[in-house]
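A structural walkthrough
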Amino acid sequence: MSGFPHRRDDMAGHPDAFEMRERYARVLGVHDVALVNGPVFLVGLFFAASPWILHFAAANGDLAVHDLILGAAVCFQALGFTVAPERMTGMSGALSVTGVWMVLSPSVVGRHPGRGAALDGVILGGLALALGLVSGVMVRRANRVL
C-alpha cells in the first residue's frame, strides 16, 4: 500500500496505467464517433422541432408531443455516443429501432397525419435507421480490431 500515491485521482503511479492509456486510445481511435454523432443529434433536433417547423402541431397535438419527446431522446442518445462511446456501443441497435418507429409513428400516433408529418417521419426515420446501421457496423468493426 505504501507504494501507491495517496491521491485517488492520480493514476500516474498505477502499475497498469500505460496499458490502460493504450487500450483507451485504441478504443477511441477505432470508433469514428464524430462521423455519426453530429448527424444523429441533428436528426433528433429536427424531429423534435418539426411539428412546429412543418406546421402540423395544431392539427395533431398528440403527434407533436410524441415527436418532441422522441426527438429529445434521440438527441440524448447522440450526446451519450459523444460523452461515453465505450459505454454506448450497444445503443446503435436502439437507434435503428427508433428509426423504424419514427417511420411508423405518424400513422400510429397521429390522427390523419398530413403529408408533412408523414414525410417528416419517413425521411428522418430513414436517416435514423441508416445512421444506426452505420454505427452498428462501426462498432462491429471496432470489436474485431480489439
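Every value quoted in this text rests on a predicted model; they were computed, and no experiment measured them.

1. A look at the overall build of the protein
Of the regular secondary structure elements, the protein holds 5 helices and 0 strands. Helices and strands appear in the protein in the N-to-C order α-α-α-α-α. Within the protein, buried positions represent 36% of all 146 residues. Put simply, 67% of the contacts in the protein that link residues at least 6 apart link residues at least 24 apart.

2. Focus: the side chain of Ser105
Relative to the helices and strands, Ser105 is located in helix α4 (residues 92-109). Dropping the residues within four chain positions of it, Ser105 is found in contact with Phe47, Leu63, His66 and Gly110.

3. Some thoughts on the nonpolar core
By size, the foremost hydrophobic cluster in this structure holds 15 residues, and its most contacted members are Val40, Val43, Leu95, Met102 and Leu131. Secondary structure elements with two or more residues in this core: α2 (33-53), α3 (61-83), α4 and α5 (115-145). With sequence-adjacent residues up to four places away left out, Leu95 is seen in contact with Val40, Val74, Gln77, Phe81, Ala128, Leu131 and Gly132.

4. Quick word on the packing of α3 against α4
Where α3 meets α4, the axes come as close as 11 Å, and the angle between the chain directions of the two elements is 170°. Between α3 and α4, the angle is such that the two are roughly antiparallel. Contacts between α3 and α4 involve Asp62, Leu63, His66, Leu70, Val74, Gln77 and Phe81 on the former and, on the latter, Ser92, Ala94, Leu95, Thr98, Trp101, Met102, Ser105, Pro106 and Val109.

5. Regarding the environment of Pro85
Examined against the element boundaries, Pro85 turns out to sit in the loop between α3 and α4. Spatially, the C-alpha atoms of Pro85 and Val139 are 9.8 Å apart, while their sequence positions differ by 54 residues.

6. Looking at unusual backbone geometry
The residue His55 is not glycine, and still its phi comes out positive at about 60°. Looking at where His55 falls in the secondary structure, it is placed in the loop between α2 and α3.

7. Concerning α4
Counted at 1.5 Å a residue, the expected span for α4 with its 18 residues is 26 Å, and the 24 Å between its end C-alpha atoms agrees. Turning to α4, its buried residues number three or more, namely Ser92, Leu95, Ser96, Thr98, Gly99, Met102, Ser105 and Pro106.

8. Describing a nonpolar patch on the surface
Together, Val100, Trp101, Val103, Leu104, Val108, Leu119, Val122, Ile123, Leu127, Leu129 and Leu133 make up an exposed nonpolar region whose accessible area comes to about 920 Å². Mapped onto the nonpolar patch, the elements with two or more residues apiece are α4 and α5. Among the elements that make up the nonpolar patch, the one with the highest residue count is α5 (6 residues). As for its placement among the helices and strands, Val108 is situated in helix α4.

Each value, and the rule that gives it
Residues numbered from 1 in each chain as written. Predicted model: local features only at pLDDT ≥ 70, side-chain atom pairs only at ≥ 80, totals over all residues. Heavy atoms only, no water. Helix = DSSP H or I, 4+ residues; strand = E, 2+ residues; numbered from the N terminus. Buried < 20%, exposed > 50% of the residue type's maximum accessible area, 1.4 Å probe, protein only. Contact = heavy atoms within 4.5 Å. Core = buried A, V, L, I, M, F, W, Y, C linked by side-chain atoms within 4.5 Å. Axes fitted to C-alpha atoms, helices over the stretch in contact; angles between N-to-C directions. Parallel < 35°, antiparallel > 145°, perpendicular 65-115°, else oblique. Expected span 1.5 Å × (residues − 1). Patch = residues over 30% accessible without salt bridge, like charges linked within 9 Å, V, L, I, M, F, W, Y side chains within 5 Å. Areas by Shrake-Rupley, 256 points an atom, 1.4 Å probe, with all protein chains shown as cover. Salt bridge = Lys/Arg side-chain N within 4 Å of Asp/Glu carboxyl O.

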